[in-house]
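Architecture and fold: a report
Chain by chain, the residues:
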Amino acid sequence: METTSVDLGFLEPCEPWLLTNKFFRSKVGGKPAWLELKRLPKPEDLLCGQCNEPLGFLCQVYAPVEGHDNSFHRTLYLFVCLTPACNQTPGNPEARTIKVLRSQLPRRNEFYAYDPPDETTESPAVKSPVPLCVVCGSRGPKLCSRCKAINYCSASHQRLDWKASHKSVCSEEGLTTTSGTAGNSSSILFPEFEIITEAEEYEPKAKLTEEENMKRQMAELERLKQEGKVGSLDDLPEAELDQYSSDQVEDKTFDKFKERISADPDQVLRYERGGKPLWLSPIIPKEIPHCERCTGPRVFEFQIMPQMLNSLNNDQLDWGTLVCYTCKASCDVDGYAEEFIFRQDVLNTDTVKNST
């Protein structure tokens, strides 16, 4: 997926077995299709930094880096907090209510075949030797103390499964049936779709000439005269004038965002490793922290668009755009490593979400 142009991601229905780990696809929802299978993230690595509840799996982006043997297979995993209060506060990277993890493997590794698998015949996923939480699919070190047959990542998910189904099938002799376990029907899982990508075809509008700009300004001045607003800016206090100027900049940024996505309103992902994000507003990170492992710089890699919210069946989630930066060198990781993500909000995201 590494390219000098922007790749756009769109949601498509897909057979669930084709979204398992050995087929190396990008997807939204369901459970994570873990790449590295032995050194999975610890449950405490996937807790919200604000409410301390387990984060929910949002999506994964398969993004190998060409020319890097250590990242022939490479996947980025995005997790979000499902607690309503954590989604109502403005985006703050330090709150860590959203996390992104990177995992990568060379082509020759201990988990997957050297050559691609047959995609014409259904086959199971490569199983992790690590027990997984039946509710969310993350590392599950906790075992039901009664039946000792089901694993969980946390007491929170154990309580959730007990109320939903496990209570009816659990006994000291084991499970009375497996039909009552959470499986893929957990209430905290988002609907599952494949993310397919295609190159963006975008032609920027021609810039106005100086004469055209003058005509536009004169027309705007005439409109203000008719509305009796001419001269009102001269009467404003400096603080209000600064706010007016700030609002104008924000409107221009937002208009640029809407104009750019208007040709492909269903896009849920923009991918351009080493490129620039498409911002919704002028409120952007002051600086991008360097990689904590190799101390090298991070670069923009992808952003999640507000249109993805329409597919999640969850009214509590909200964002303008989620912008992910990763290690420029894609340095070696031992299992999974956290990268940097910035949540940018707008005052009225419904304008963007429903622009389709």
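Everything numeric in this text was worked out from a predicted model, so none of it was measured.

To continue, consider the overall build of the protein. The helix and strand tally for the protein stands at five helices and 14 strands. The buried share of the protein, taken over its 356 residues, is 46%. Residue pairs in contact within the protein that sit at least 24 positions apart in sequence constitute 72% of those at least 6 positions apart. Per element, the accessible surface of the protein, about 19200 Å² overall, is 49% carbon and sulfur.

Okay, the pattern of salt bridges next. This structure, assessed with the given rule, holds 17 salt bridges. Here Glu119 ties to Arg25 by a salt bridge, and the two come within 2.7 Å at their closest N and O atoms. Here the residue Glu119 occupies a position in the loop between strand E5 (98-105) and strand E6 (142-143), and Arg25 occupies one in the loop between strand E1 (7-12) and strand E2 (27-28), the gap between them amounting to 94 residues. A relative accessible area of 39% places Glu119 in the partly exposed class. Across the pair Arg270 and Glu200 runs a salt bridge whose closest N-O atoms are separated by 3.1 Å. Within this pair, whereas Arg270 is found in strand E11 (residues 269-271), its partner Glu200 is found in the loop between strand E10 (193-199) and helix H3 (210-226), the two being separated by 70 residues in sequence. The class of Glu200 is buried, set by a relative accessible area of 13%. Several salt bridges converge on common partners, so that one network encompasses Arg102, Glu292, Arg293, Arg298 and Glu339.

Turning next to the environment of Phe302. The topology assignment puts Phe302 in strand E12 (residues 298-304). Distance in space between the C-alpha atoms of Phe302 and Lys276 is 8.9 Å, their sequence separation being 26 residues. Excluding residues within four positions of it along the chain, Phe302 makes contact with Val61, Leu76, Val100, Leu269, Arg270, Tyr271, Leu322, Val323 and Cys324.

Our next topic: the nonpolar core. One recurring pattern in soluble globular proteins: nonpolar side chains tend to sit buried together. Residues Leu58, Leu78, Phe302, Ile304, Met308, Leu312 and Trp319 are the most contacted members of the largest nonpolar core, which totals 25 residues. Every element with two or more residues in this core is listed here: strand E3 (56-62), strand E4 (73-80), E5, E11, E12 and strand E13 (321-327). If we skip the residues at most four places from it in the chain, Leu78 touches Gly56, Phe57, Leu58, Cys59, Ile98, Lys99, Val100, Ile304, Leu322 and Ile341. Counting 20 residues, the second-largest nonpolar core is a separate cluster that includes Trp34, Cys81, Phe111 and Tyr336.

So, on to the packing of aromatic side chains. According to the stated counting rule, one finds twelve aromatic pairs in the structure shown. Seen in terms of ring centroids, Tyr325 and Phe340 are 6.1 Å apart; in terms of plane orientation they differ by 50 degrees. Their pairing is tilted. One end of the pair, Tyr325, is in strand E13; the other, Phe340, is in strand E14 (residues 337-344), and 15 residues separate them in sequence. You'll find Tyr325 and Phe340 in the same group, each marked buried. Grouped by ring-pair contacts, the aromatic residues Trp34, Phe57, Tyr77, Phe79 and Tyr336 constitute a single cluster.

With that settled, consider the pairing of E1. In terms of strand pairing, E1 meets E10 through six bridges, oriented antiparallel. Across the sheet, Gly9 pairs through a bridge with Thr197, a residue of E10. Note: E1 against E11, three bridges, orientation antiparallel. In the strand pairing of E11, Asp7 is matched with Tyr271.

Turning our eyes to something else, we now look at the environment of Ala329. When you line up the elements, Ala329 lands in the loop between E13 and E14. Along the backbone, Ala329 and His68 are 261 residues apart, and their C-alpha atoms lie at a distance of 9.0 Å. In contact with Ala329, other than residues within four places in its own chain, are His68 and Arg273.

The next thing to look at is the pairing of E5. Most of E5 sits out of view: eight of its eight residues are buried. Burial of the side chains of E5 extends over both faces: Ile98, Val100, Arg102 and Gln104 are buried on one face and Lys99, Leu101, Ser103 and Leu105 on the other. In this sheet, E5 lies alongside E4 in antiparallel orientation, the contact comprising eight bridges. Residue Leu78 lies in a different strand from E5, and its bridge partner there is Val100. In the sheet, E5 pairs with E14 via three bridges, with the strands oriented antiparallel. Looking at the pairing, Val100 lines up with Glu339 of E14.

Criteria and thresholds
Residues numbered from 1 in each chain as written. Predicted model: local features only at pLDDT ≥ 70, side-chain atom pairs only at ≥ 80, totals over all residues. Heavy atoms only, no water. Helix = DSSP H or I, 4+ residues; strand = E, 2+ residues; numbered from the N terminus. Buried < 20%, exposed > 50% of the residue type's maximum accessible area, 1.4 Å probe, protein only. Contact = heavy atoms within 4.5 Å. Areas by Shrake-Rupley, 256 points an atom, 1.4 Å probe, with all protein chains shown as cover. Salt bridge = Lys/Arg side-chain N within 4 Å of Asp/Glu carboxyl O. Core = buried A, V, L, I, M, F, W, Y, C linked by side-chain atoms within 4.5 Å. Phe/Tyr/Trp six-rings, centres within 6.5 Å; stacked < 30°, edge-to-face > 60°. Pairing = 2+ DSSP bridges.

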